[in-house]
Amino acid sequence: MAAHTDSWIDRFEGLARLPQDLRRTLTEGSQVVEVPAGTQIFAPGQSADNLLLLLDGTVRVQQKSDTGREVFLYRVHAGESCVLTTACMLAFEDYAADGIAETDVRAVAIPRATFDTLAAQSPVFREFIFTAYSRRITDLFSLIDDIVFQRMDVRLAARLLELADDGDTVNATHQVLANELGTAREVVSRTLSEFQRRGWVEQERGKVHLVGRAGLDRLARSAGER
């Protein structure tokens, strides 16, 4: 069903400055879609036909190595767009990674025709897509820095705190955490056992309970003291 209101535009930093005629072009040329959790939104080799602007939920973007190991790249949260989709649409390239709906997702799908029209006509829209692109590229360079230079225990502590957010439980298997960090499951299992020995975590099947957040936080913050 096509979007009949432009109120969602104001949820995206930068788009609120679109003039009224281009707001109308954007809403009339887009659709609000709903995707259930677990859906593969895009896959390697597929063409990028729609830019998704997330209204609710999260999308995980990951890449699979030649050996079959999954490497987490980034998450798209509500109020954000997928920079990989933006890059593929701008360059007319196919996807080289997977996009998975981690939760139920509601998003605005902007088809290529509308995307191209706005990118050509609106400096505001161009600024919106390139600002998001720039921020995500910075994040990816940070990821590369972490993988190459950062100790695994420091990275795992930081990721557990991030995934738990304000709660005390991370709902993830050792394999999922390994995928998040681009390492082997055995490395994560060994590190979590050490965290448990220190009294920082307790483990059960598919879950990690953070019982010593202060210790994890000290370890995670030690990255900035290098």
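Residues numbered from 1 in each chain as written. Predicted model: local features only at pLDDT ≥ 70, side-chain atom pairs only at ≥ 80, totals over all residues. Heavy atoms only, no water.

**Q** Just to check I follow, could you spell out the overall build of the chain for this structure?
**A** In terms of helices and strands, the chain carries 8 helices and 10 strands. A principal-axis box enclosing the C-alpha atoms of the chain has dimensions of 60 × 35 × 35 Å. Among the 226 residues that make up the chain, the fraction classed as buried is 42%. Taking all contacts inside the chain whose residues are at least 6 apart in sequence as the whole, residues at least 24 apart take part in 69%. Summed over its atoms, the accessible surface of the chain is roughly 11,800 Å², and 49% of this surface lies on carbon and sulfur atoms. The positive charge centre, built from 26 side chains, and the negative charge centre, built from 33, are 5 Å apart in the chain. (Helix = DSSP H or I, 4+ residues; strand = E, 2+ residues; numbered from the N terminus. Buried < 20%, exposed > 50% of the residue type's maximum accessible area, 1.4 Å probe, protein only. Contact = heavy atoms within 4.5 Å. Areas by Shrake-Rupley, 256 points an atom, 1.4 Å probe, with all protein chains shown as cover. Lys, Arg positive; Asp, Glu negative; His and termini not counted. Charge placed at Lys NZ, Arg CZ, Asp CG, Glu CD.)

**Q** Would you mind going over the sheet that holds strand 9 (residues 201–204) with me for this structure?
**A** Strand pairing within a sheet occurs via backbone hydrogen bonds; the two strands may be parallel or antiparallel. An order of 8-10-9 is seen for the 3 strands of this open sheet, with the pairing classed as antiparallel. The sheet is open, and its two borders are formed by strand 8 (169–170) and strand 9, each paired with just one other strand. Pairing of strand 8 with strand 10 (residues 207–210), which is carried by 2 bridges, proceeds in the antiparallel orientation. Residue pairing in the sheet places Thr-169 in a bridge with His-209 of strand 10. (Pairing = 2+ DSSP bridges.)

**Q** Sorry, what's going on with the UniProt feature "domain: Cyclic nucleotide-binding" (unreviewed entry) in the chain here?
**A** According to UniProt, the positions carrying the feature "domain: Cyclic nucleotide-binding" (unreviewed entry) are residues 14–136. Between the C-alpha atoms that bound residues 14–136 there is a distance of 16 Å. The span itself is 34% helix and 32% strand. (UniProt positions renumbered as here; feature names shortened; annotations may be inferred.)

**Q** How do you make sense of the packing of helix 6 (residues 174–181) against helix 7 (residues 185–197) when you look at a structure like this?
**A** What describes two packed helices is the angle between their axes and the distance between those same axes. Running from N to C, helix 6 and helix 7 point in directions that differ by 110°, and their axes come no closer than 8 Å. Taken together, the axes of helix 6 and helix 7 are roughly perpendicular relative to one another. In contact with His-174, Gln-175, Leu-177 and Ala-178 of helix 6, helix 7 contributes Arg-185, Val-188, Ser-189 and Leu-192. A class-by-class count of the residues in the contact of helix 6 with helix 7 yields 4 nonpolar, 3 polar and 1 charged. (Axes fitted to C-alpha atoms, helices over the stretch in contact; angles between N-to-C directions. Parallel < 35°, antiparallel > 145°, perpendicular 65-115°, else oblique. Nonpolar A, V, L, I, M, F, W, Y, C, P; charged D, E, K, R; others polar.)

**Q** Even after reading the chapter, I still don't get the nonpolar core, so can you show me in this structure?
**A** If you look at soluble globular proteins, the nonpolar side chains tend to sit buried side by side. Membership of the largest hydrophobic core comes to 39 residues, with the highest contact counts inside it found for Trp-8, Leu-15, Leu-26, Leu-53, Val-61, Leu-84 and Phe-125. Look past the residues within four positions of Leu-15 in its chain and what remains in contact with it is Trp-8, Ile-9, Arg-23, Leu-26, Leu-53, Phe-125 and Phe-128. (Core = buried A, V, L, I, M, F, W, Y, C linked by side-chain atoms within 4.5 Å.)

**Q** Which parts of the structure should I look at to understand the domain arrangement of the chain?
**A** A common way to report how large an interface is uses the accessible area buried once the components associate. For the chain, the assigned domains read domain 1 (9–137) and domain 2 (150–222). For domain 1 and domain 2, the distance between their C-alpha centres works out to 30 Å. In this complex, domain 1 contributes 6 residues to the contact, which on the side of domain 2 involves 7 residues. Interface area for domain 1 against domain 2, summed over the two sides, is near 580 Å², with a carbon-plus-sulfur share of 38%. Between domain 1 and domain 2 we count 2 salt bridges in total. One salt bridge in this structure joins Arg-60 and Glu-180, with 2.5 Å as the shortest N-O distance. (Domains from an automatic or database assignment. Buried area = accessible area lost by both parts, 1.4 Å probe. Salt bridge = Lys/Arg side-chain N within 4 Å of Asp/Glu carboxyl O.)

**Q** Looking at this model, I keep getting lost on the confidence of the model for the chain. Mind explaining?
**A** Close inspection of predicted coordinates is inappropriate in any region flagged by low pLDDT. In this model, the chain carries a mean pLDDT of 88, and residues with pLDDT of at least 70 account for 93%. When the elements of the chain are averaged for pLDDT, helix 4 (residues 123–149) gives the smallest value, 80, and strand 7 (residues 105–111) the largest, 96. (pLDDT = per-residue confidence, 0-100.)

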